[in-house]
Amino acid sequence: MHCPCSNTNQLNYGTEVMQVSVDEIRGEGLVLDNTYSPEDLPVLAQLQNEGVVKEFSPVACHVRLHKVAQLIEVNGSAEVTVRMECSRCLEEHWDEIKVEFHQSYVEQLPEVKDEDGSEVELSAEQMGLEIFDGEAIDLCDEIQQQIVLALPQRPLCSKKCKGLCSACGANLNTGECSCSDGNISIHFAALRDFKVEK
Ligand SMILES: [Zn+2]
Ligand SMILES: [Zn+2]
């Protein structure tokens, strides 16, 4: 058993740092400026393993937590750069992703009554609330969910990306391929002329 006397106010900046104990949130609230390794965010780590995202930079987070009556209000922002393959030219490039989030946590859902005074059954989601155990808030889910939602569906190295030539596969951003002047490559044309002369 963990002795409560050994609990200190010092935040643990290890992998547990995304667990914020409610006791640490006082008066003006608690502000956390942390940089997390993508390996500590399981959904990001999985996307990286699957190659959907080639690489995540460390995730810089600024989070403010405060108590409002029975609610714990969380406001935060996260910044990360991701290395992804361009959906047109397949070149890898870095994209900057910035997200902001807001979430309210409660230990128990409040009772909601309609005009007749009868109880209305509403889910946490319908109330815009997240239920937690009353002891610690886990920031991990919210942070990684926001980042995943912000990932481009069709990543582009640039809005002007010209993509690949459908005939020879050349990257058209680096110059025109020979397909554009006469549907035949220079090497192939030279070979044909050679054969004719012979
Ligand atoms: Zn591209
Ligand atoms: Zn071509």
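Here we summarise the structure given alongside this text.

Criteria and cut-off values
Residues numbered from 1 in each chain as written. Chains lettered and ligands numbered in written order. Predicted model: local features only at pLDDT ≥ 70, side-chain atom pairs only at ≥ 80, totals over all residues. Heavy atoms only, no water. Helix = DSSP H or I, 4+ residues; strand = E, 2+ residues; numbered from the N terminus. Contact = heavy atoms within 4.5 Å. Areas by Shrake-Rupley, 256 points an atom, 1.4 Å probe, with all protein chains shown as cover. Buried < 20%, exposed > 50% of the residue type's maximum accessible area, 1.4 Å probe, protein only. Arc of directions from axis to C-beta. Donors = N, O, S within 2.8 Å, 3.2 Å for Na, K, Ca; no water. Tetrahedral: all angles 85-135°; square planar, octahedral: opposite > 155°, others 65-115°. Core = buried A, V, L, I, M, F, W, Y, C linked by side-chain atoms within 4.5 Å. Axes fitted to C-alpha atoms, helices over the stretch in contact; angles between N-to-C directions. Parallel < 35°, antiparallel > 145°, perpendicular 65-115°, else oblique. Nonpolar A, V, L, I, M, F, W, Y, C, P; charged D, E, K, R; others polar. Patch = residues over 30% accessible without salt bridge, like charges linked within 9 Å, V, L, I, M, F, W, Y side chains within 5 Å. Salt bridge = Lys/Arg side-chain N within 4 Å of Asp/Glu carboxyl O. Lys, Arg positive; Asp, Glu negative; His and termini not counted. Charge placed at Lys NZ, Arg CZ, Asp CG, Glu CD. Pairing = 2+ DSSP bridges.

### Structural notes on the overall build of the protein chain
- Tallying secondary structure elements over the protein chain gives 4 helices and 10 strands in all.
- Each helix (α) and strand (β) of the protein chain, taken in turn from the N terminus, gives the series β-β-α-β-β-β-β-β-β-α-β-β-α-α.
- Within the protein chain, residue pairs in contact and separated by at least 24 positions form 57% of the contacts whose partners lie at least 6 positions apart.
- Accessible surface, the protein chain as shown: approximately 13,400 Å² in total, 49% of it carbon and sulfur.

### Some points on helix α1 (residues 42-50)
- Listing the buried residues of α1 in full gives L44, A45 and L47. Buried residues of α1, seen end-on, are gathered within an arc of 160 degrees and therefore sit on one face of the element. α1 presents N49 and E50 as exposed residues on the side facing more than 90 degrees away from its buried surface.
- At its buried positions, α1 is contacted by β3 (55-56), β4 (59-68) and α3 (140-150).
- Immediately beyond the C-terminal end of α1, within one or two residues, lies G51, with a positive phi of roughly 80 degrees.

### Here's the deal with the coordination of the zinc ion (ligand 1)
- Only C86 (SG), C89 (SG), C157 (SG) and C161 (SG) from the protein reach the zinc ion (ligand 1) as donors, at distances of 2.3 Å.
- Here the zinc ion (ligand 1) is ringed by 4 donor atoms whose angles at the metal span 106 to 115 degrees, and the overall shape comes out tetrahedral.

### A short note on unusual backbone geometry
- We note that A69 has phi near 50 degrees; this positive angle belongs to a residue other than glycine.
- You can see A69 is positioned in the loop between β4 and β5 (71-85).
- Classification of A69 by relative accessible area gives exposed; the value is 73%.

### Some details on the coordination of the zinc ion (ligand 2)
- At this site the zinc ion (ligand 2) is bound by C165 (SG), C168 (SG), C177 (SG) and C179 (SG), with donor distances of 2.2 to 2.3 Å.
- Taken together, the 4 donor atoms coordinating the zinc ion (ligand 2) span angles of 106 to 114 degrees at the metal, a pattern that classifies the geometry as tetrahedral.
- For C165, a relative accessible area of 11% corresponds to the buried category.

### Brief notes about the environment of V120
- Along the chain, V120 falls in strand β8 (residues 119-120).
- The residues contacting V120, other than those within four sequence positions of it, are V112, K113 and D114.

### Focus on the nonpolar core
- Counting 33 residues, the largest nonpolar core has F56, V59, L65, I72, L139, I143 and I147 as the members making the most contacts within it.
- Of all the secondary-structure elements, those providing two or more residues to this core are β2 (30-36), α1, β4, β5, β6 (92-106) and α3.
- At 6 residues, the largest contribution of residues to this core is made by β5.

### Focus on the packing of α1 against α3
- Contact geometry for α1 and α3: axes closest at 8 Å, N-to-C directions at 40 degrees. Taken together, the axis directions place α1 and α3 in an arrangement best described as oblique. When α1 is examined against α3, the residues P42, V43, L44 and L47 are found in contact with a partner set consisting of C140, Q144, I147 and V148.
- Looking at the contact of α1 with α3 residue by residue, the class counts come to 7 nonpolar, 1 polar and no charged.

### Notes on a negative patch on the surface
- Together, D23, E107, D133 and E135 make up a region of like negative charge exposed at the surface.
- Among the structural elements, E107 can be located in the loop between β6 and β7 (112-113).

### What about the pairing of β4?
- Sheet analysis places β2 next to β4, joined by 7 bridges and oriented antiparallel. Bridging across to β4, L30 finds its partner in L65.
- Looking at chain direction, β4 and β5 are connected through 9 bridges and run antiparallel. Looking across to β5, one finds that K67 is bridged to I72.

Function cannot be inferred from these measures alone, as they are strictly geometric.
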